[in-house]
Amino acid sequence: MYASKVFSRASNQGSRADDSSVTTATVNRRARRWVYRWLDRAHTALYPMRCRFCAAPASAGLELCRLCAAELPWLDSHCRQCALPLVNAGEERLCGNCLRHPPPFQRARAPFRYSHPVDGLIKSMKYGADLAAARLLGDLLADYLSRRQVALPDALIPVPLHPRGLSQRGFNQALELARRLGVPLAPHLVRRGRQTPPQSRLGGRERRHNMVGAFEVTARRMPAHVAVVDDVLTTGATATEITRVLRRAGAERVEIWVAARTHQPDR
Ligand SMILES: [Zn+2]
Ligand SMILES: [Zn+2]
């Protein structure tokens, strides 16, 4: 809303300006673009991107080399629905939890197990304001979804933080991950209704109670296919509660997209 006001004021001023000032502005903009592109190229030539784990030359535009990428804890074998790591199961089996109590979301997708060094990247992003780690994790998640040809949702919703939590941390890690996925964001469809104690300090049953009533839908119309982005899927308490709220508001298909899945049982 704020941005659109700014743009409409700028365009009104533009319509009043004469042709010569428009031409000068265009030339200035082109010159700035040329200078910044040149500086960008010079910077890349002087300081080529390095792997953040071993300092070898980076690959594929990521802060990661091929060897370190191959050694990441890729989640190859997991439950089809909740992505719980399973031994020798491929990607088509359901875990015992999903067979007994299917979660309300259709499918969780996670490129990694929550173990070294991905756990360190996530902690660094969350507690160290390491936005480069967020960019790397987001790009790896985007690459994983693209390689699996996952259907794009109508709306991408980063799990919201309570305003007080947001002001303490300064950023929402789920939003920083979601920004890298190349899908239009809809962060204002849902808000945090109340502040809850951090899930990481609670057990499975407490986590479920903690999340009840934590989210409120703020949109009048809910898109049919929604993907919710978060950093980690642990017990599934947050994913389950936000899915319930979205389904009640009219979403037909909800997926959970996270950077990493823990080994802990889903419920
Ligand atoms: Zn490396
Ligand atoms: Zn499962």
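Scoring rules and cut-offs
- Residues numbered from 1 in each chain as written.
- Chains lettered and ligands numbered in written order.
- Predicted model: local features only at pLDDT ≥ 70, side-chain atom pairs only at ≥ 80, totals over all residues.
- Heavy atoms only, no water.
- Helix = DSSP H or I, 4+ residues; strand = E, 2+ residues; numbered from the N terminus.
- Expected span 1.5 Å × (residues − 1).
- Contact = heavy atoms within 4.5 Å.
- Polar contact = N/O pair within 3.5 Å; in protein donor to acceptor, adjacent residues only side chain to side chain.
- Donors = N, O, S within 2.8 Å, 3.2 Å for Na, K, Ca; no water.
- Tetrahedral: all angles 85-135°; square planar, octahedral: opposite > 155°, others 65-115°.
- Buried < 20%, exposed > 50% of the residue type's maximum accessible area, 1.4 Å probe, protein only.
- Salt bridge = Lys/Arg side-chain N within 4 Å of Asp/Glu carboxyl O.
- Phe/Tyr/Trp six-rings, centres within 6.5 Å; stacked < 30°, edge-to-face > 60°.
- Core = buried A, V, L, I, M, F, W, Y, C linked by side-chain atoms within 4.5 Å.
- Pairing = 2+ DSSP bridges.
- Right-handed = clockwise from strand over helix to strand, strands pointing away.
- pLDDT = per-residue confidence, 0-100.

Next up on the list: helix H6 (residues 131-147). An ideal rise of 1.5 Å per residue puts 24 Å on 17 residues; H6 measures up with 24 Å between its terminal C-alpha atoms. Looking at the buried residues of H6, the elements they touch are strand E1 (107-109), strand E2 (112-113), helix H5 (118-127), helix H8 (173-178) and strand E7 (253-261). Backbone nitrogen of Ala132 and a side-chain oxygen of the N-cap are separated by 3.2 Å at the start of H6; the cap is Asp130. With its phi angle positive at about 50 degrees, Gln149 sits one or two positions after the end of H6.

On to the coordination of the zinc ion (ligand 2), then. Binding of the zinc ion (ligand 2) to the protein goes through Cys79 (SG), Cys82 (SG), Cys95 (SG) and Cys98 (SG), at separations of 2.3 Å. For the zinc ion (ligand 2), the 4 donor atoms in the first shell make angles of 105 to 112 degrees at the metal, a pattern classed as tetrahedral. Of note, the zinc ion (ligand 2) draws all its donor residues from one chain, in the sequence arrangement C-x2-C-x12-C-x2-C. Within this pair, whereas Cys82 is found in the loop between helix H3 (66-70) and helix H4 (96-100), its partner Cys95 is found in the loop between H3 and H4, the two being separated by 13 residues in sequence. Both residues of the pair, Cys82 and Cys95, count as buried.

Next up on the list: the pattern of salt bridges. In total, this model carries 10 salt bridges according to the counting rule given. Taking the shortest distance from any N to any O, the salt bridge between Arg244 and Glu241 comes out at 3.9 Å. Of this pair, Arg244 and Glu241 both sit in helix H10 (residues 237-248), separated by 3 residues, roughly a single helical turn. Here Glu241 falls in the buried class, since its relative accessible area comes to 8%. Residues joined by salt bridges that share partners form a network here, namely Arg52, Glu63 and Asp130.

This brings us to the packing of aromatic side chains. Counted under the stated rule, the structure contains 1 aromatic pair. On the basis of an interplanar angle of 45 degrees and a centroid distance of 4.5 Å, the ring pair of Trp74 and Phe112 is categorised as tilted. On the criterion of sequence distance, the pair formed by Trp74 in the loop between H3 and H4 and Phe112 in strand E2 is long-range, its members being 38 residues apart. Accessibility expressed as a relative area gives 21% for Trp74, which makes it partly exposed.

Right, let's talk about the coordination of the zinc ion (ligand 1) for a bit. Those protein atoms acting as donors to the zinc ion (ligand 1) are Cys51 (SG), Cys54 (SG), Cys65 (SG) and Cys68 (SG), and they sit at 2.3 Å. Taken together, the 4 donor atoms coordinating the zinc ion (ligand 1) and their angles of 105 to 114 degrees define a geometry best described as tetrahedral. Of note, the donors binding the zinc ion (ligand 1) are all from one chain and are spaced C-x2-C-x10-C-x2-C. Using a relative accessible area of 7% as the deciding quantity, one classes Cys65 as buried.

Phe215, Val228, Leu246 and Ile256 are the most contacted members of the largest nonpolar core, which totals 34 residues. Mapped onto this core, the elements with two or more residues apiece are strand E3 (155-158), strand E6 (225-233), H10 and E7. The element contributing the most residues to this core is H10, with 5 residues. Once residues lying within four places of it in the same chain are set aside, the contact partners of Phe215 are Val159, Pro160, Val190, Arg191, Arg192, Gly193, Thr238, Glu241, Ile242 and Val245.

By the criterion of burial, E7 is predominantly enclosed, with 8 of the 9 residues buried. The pairing of E1 with E7 spans 3 bridges and is parallel. The residue bridging Arg107 from the neighbouring strand is Glu255, located in E7. Pairing between E2 and E7: 2 bridges, direction parallel. Considered in E7, the bridge of Arg113 is made with Arg261. In this sheet, E7 lies alongside E6 in parallel orientation, the contact comprising 8 bridges. Among the inter-strand pairings, Val228 is bridged to a residue of E7, identified as Ile256. In this fold, the crossover linking E6 to E7 by way of H10 has right-handed handedness.

Turning to its location among the elements, Gly165 is positioned in helix H7 (residues 163-169). Taking the C-alpha atoms as reference points, Gly165 and Pro198, separated by 33 residues in sequence, lie 9.8 Å from one another.

Right, let's get into the confidence of the model for the protein. Summing up the model confidence of the protein, the mean pLDDT is 86 and the portion of residues at 70 or higher is 87%. Contacts of residues 1-17 to residues separated by more than four positions or lying in other chains number 0 contacts, the stretch itself having pLDDT below 50.

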